[in-house]
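Coordinate inspection notes
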Amino acid sequence: MRKNLLAVFIFILSFLWINQASIFANEEPEASTSVYVIPVENEVERGLVAFLERSIKEAEEAFADQIVFEINSPGGRVDSAGDIATLISSTEIPTAAYIVNEALSAGSYIALQADEIYFKPGATMGASGVITGDGNAADKKAQSAWIAAMTSAAEKNGRDPLYAQAMADPSIDLPEYRAGEGDFLTLRAQEALEVEYAEGIASDRQELFEQMEISKPSVTETSPTFSENLARFITNPVVVPILLSIASIGLIVELYSPGFGVAGGMGVAALFLFFYGHLVAGLAGYESLVLMIAGIVLIVLEIFLPSGILGIVGGGAILGAMLTSGADMGHMAFSIGIALLVAMILAIFLFKKIDTDKGIFRHIVLKDQTSTEKGYISNINRMELIGKEGTALTYLRPSGTAIFDEERLDVVSEGSFIAQGSTIKVVKVEGSRLVVREIKKED
């Protein structure tokens, strides 16, 4: 009997333990969703490409479940926007664009690459016409390629391409959205929702995650490093010519300054910043840096071993390094042209205002003079012949030969003809030139 009761007791305990274990298993906490939030801010340029490339790679290495691009950009370079589109399209992690203020021009193209688009109230998207660096509309070829790219981006994620085309093509007439013929389309948040260019409108991240059905997000927010921010500033098309001009001004002024001072340091620092920013942004390779250093070394050697060839090759190496460091060779050539013009104007001004006894010119400009005062003579000085009389051995027309105290000398008249055998007198000595005059004898 006791054995039966013990068996029943053990059975009941086992049943309760198994049942409780299954309850705990069913109540296991829901796993969190790894979300990487990547800001896309300010102008779209090569520095932003480098930052997004690093951020997306970090998300992939961390096996993130979702990437959210928080966009607030007025647009920028079309080629950089194309590079960013490739980065977004190539990742296997689901992506969403959250437009917190504006996604205009190239910014709208980036937003269209995401799997989903969300707007913050008051945010806008569109106005994507292609504008050149001087503020004018691009040529028809560039506009056509950009419209095709916008269309493709919309179609890729199942959006109506008409609105993407209207953002880039002012000839499309959409007056109901304030985009009559001649105007680019810019969608507000509610309008984007109506045309299915937005999955929702969220006032903050929490509401955004709720609409995306992410109940327990584990958020990792990336941000540009100091080097990346510096690179974005330095590679700005407006900053590049200013930086190169500062470098040229500093180096030119240093030529006229004794020793190596502030001006030279400023010029070298500007060149260093130029190449450092372009290296970080991925525009310049180490071969450009090597070419730059080689050019500087050749120019320095030219100072101590003057030949002309070293200086020309060194200058060409520096120009080549700069040209190959930019995203746009045409813009880089324009920037270098501005810097060279500034350098030439400054060099001419300083050459006229500052004597060559200062700076590096005191080492390379010859100052020694072989003057008579210092004891140098280029020929025998015959000043003692002044006033001496002699006879013309030949006709002087106006030059010829004369004899003075049995010494034959080459002479020249003051311009008049003197007959052979005439009596002459030395009136002037100019180096080796003896000027004579005929002595008229009275009858």
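Residues numbered from 1 in each chain as written. Predicted model: local features only at pLDDT ≥ 70, side-chain atom pairs only at ≥ 80, totals over all residues. Heavy atoms only, no water.

1. With respect to the overall build of the chain
Broken down by element type, the chain carries 15 helices and 13 strands. Burial statistics for the chain: of 443 residues in total, 38% are counted as buried. For the chain, contacts bridging at least 24 residues in sequence account for 59% of all contacts bridging at least 6. Surface summary for the chain: the accessible area is close to 25,200 Å², and the carbon and sulfur share equals 59%. (Helix = DSSP H or I, 4+ residues; strand = E, 2+ residues; numbered from the N terminus. Buried < 20%, exposed > 50% of the residue type's maximum accessible area, 1.4 Å probe, protein only. Contact = heavy atoms within 4.5 Å. Areas by Shrake-Rupley, 256 points an atom, 1.4 Å probe, with all protein chains shown as cover.)

2. Quick word on the pairing of strand S9 (residues 389-392)
Bridge count for S9 against strand S12 (residues 423-430) is three bridges, and the pairing is antiparallel. Its bridge partner lying in S12, Glu389 is registered against Lys425. The pairing of S9 with strand S10 (residues 399-404) spans two bridges and is antiparallel. Residue Ala392 lies in a different strand from S10, and its bridge partner there is Ala402. (Pairing = 2+ DSSP bridges.)

3. Points about the packing of aromatic side chains
Each aromatic ring pair is characterised by the separation of its centres together with the angle its planes make. Per the counting criterion, the structure on display carries four aromatic pairs. Relative to Trp146, the ring of Tyr109 lies with its centre 5.0 Å away and its plane at 55°, an arrangement referred to as tilted. Of this pair, Tyr109 sits in helix H4 (residues 106-113) while Trp146 sits in helix H5 (residues 140-156), and the two are 37 residues apart along the sequence. A centroid spacing of 6.1 Å and a plane angle of 85° characterise the contact between Tyr163 and Tyr177, whose relative ring orientation is edge-to-face. Note that Tyr163 is positioned in helix H6 (residues 161-168) and Tyr177 in the loop between H6 and strand S6 (186-188), a separation of 14 residues in sequence. The residues Tyr163 and Tyr177 share a single accessibility class, namely buried. Three or more aromatic residues link up through ring pairs in this structure, and these residues are Tyr163, Tyr177 and Tyr197. (Phe/Tyr/Trp six-rings, centres within 6.5 Å; stacked < 30°, edge-to-face > 60°.)

4. Examining H4
Summarising burial for H4: eight of the eight residues are buried, a large majority. For H4, the full list of buried residues reads Ala106, Gly107, Ser108, Tyr109, Ile110, Ala111, Leu112 and Gln113.

5. Some thoughts on the nonpolar core
In terms of nonpolar packing, the biggest core is built from 54 residues, with Leu52, Phe69, Phe119, Met125, Leu185 and Tyr197 touching the most fellow members. The element that contributes the greatest number of residues to this core is helix H2 (residues 46-61), accounting for six residues. Core analysis: the second largest hydrophobic core is formed by 16 residues, Ile234, Leu244, Ala321 and Met322 among them. (Core = buried A, V, L, I, M, F, W, Y, C linked by side-chain atoms within 4.5 Å.)

6. Some details on the packing of helix H3 (residues 78-90) against H4
Two numbers describe how H3 lies on H4: the axes approach to 9 Å, and their chain directions differ by 10°. Viewed along their axes, H3 and H4 adopt a mutual orientation that is roughly parallel. Residues Ala81, Gly82, Ile84, Ala85, Ile88 and Ser89 of H3 pack against Ala106, Tyr109, Ile110 and Gln113 of H4. (Axes fitted to C-alpha atoms, helices over the stretch in contact; angles between N-to-C directions. Parallel < 35°, antiparallel > 145°, perpendicular 65-115°, else oblique.)

7. Quick look at the environment of Met292
Here Met292 shows up in helix H12 (residues 286-304). You can call Met292 buried: its relative accessible area is 4%. In this structure, Met292 is in contact with Leu271, Phe275, Ile318, Ala321 and Met322, ignoring residues within four places of it in sequence.

8. Details of the pattern of salt bridges
Across all of its chains, the model carries nine salt bridges by this definition. Across the pair Arg54 and Glu58 runs a salt bridge whose closest N-O atoms are separated by 2.8 Å. With a gap of four residues between them, Arg54 and Glu58 both fall in helix H2, about one helical turn apart. By relative accessible area, Glu58 is classed as partly exposed at 29%. The closest approach of N and O atoms between Glu414 and Arg437, which form a salt bridge, is 2.8 Å. Taken together, the residues Glu414 in the loop between strand S11 (407-413) and S12 and Arg437 in strand S13 (residues 433-438) connect sequence positions 23 residues apart. Among the residues examined, Glu414 registers a relative accessible area of 49% and is labelled partly exposed. (Salt bridge = Lys/Arg side-chain N within 4 Å of Asp/Glu carboxyl O.)

9. Focus: the environment of Pro74
Relative to the helices and strands, Pro74 resides in the loop between strand S2 (66-73) and H3. Once the C-alpha coordinates of Pro74 and Ala127 are considered, the two residues, 53 residues apart in sequence, prove to be 9.4 Å apart. Setting aside residues no more than four positions away along its own chain, Pro74 makes contact with Asn42, Glu43, Glu102, Leu104 and Ser105.

10. Quick notes on unusual backbone geometry
In this chain, Arg397 is followed by Pro398 through a cis amide linkage whose omega measures 0°. Within the secondary structure layout, Pro398 lies in the loop between S9 and S10. Positioned with a positive phi, Phe63 is a non-glycine residue whose angle comes to about 55°. Relative to the assigned elements, Phe63 resides in the loop between H2 and S2. Even without being glycine, Glu196 reaches a positive phi, approximately 65°. Relative to the helices and strands, Glu196 is located in the loop between helix H7 (189-194) and strand S7 (200-201). Residue classification places Glu196 among the exposed residues on the basis of a relative accessible area of 62%.

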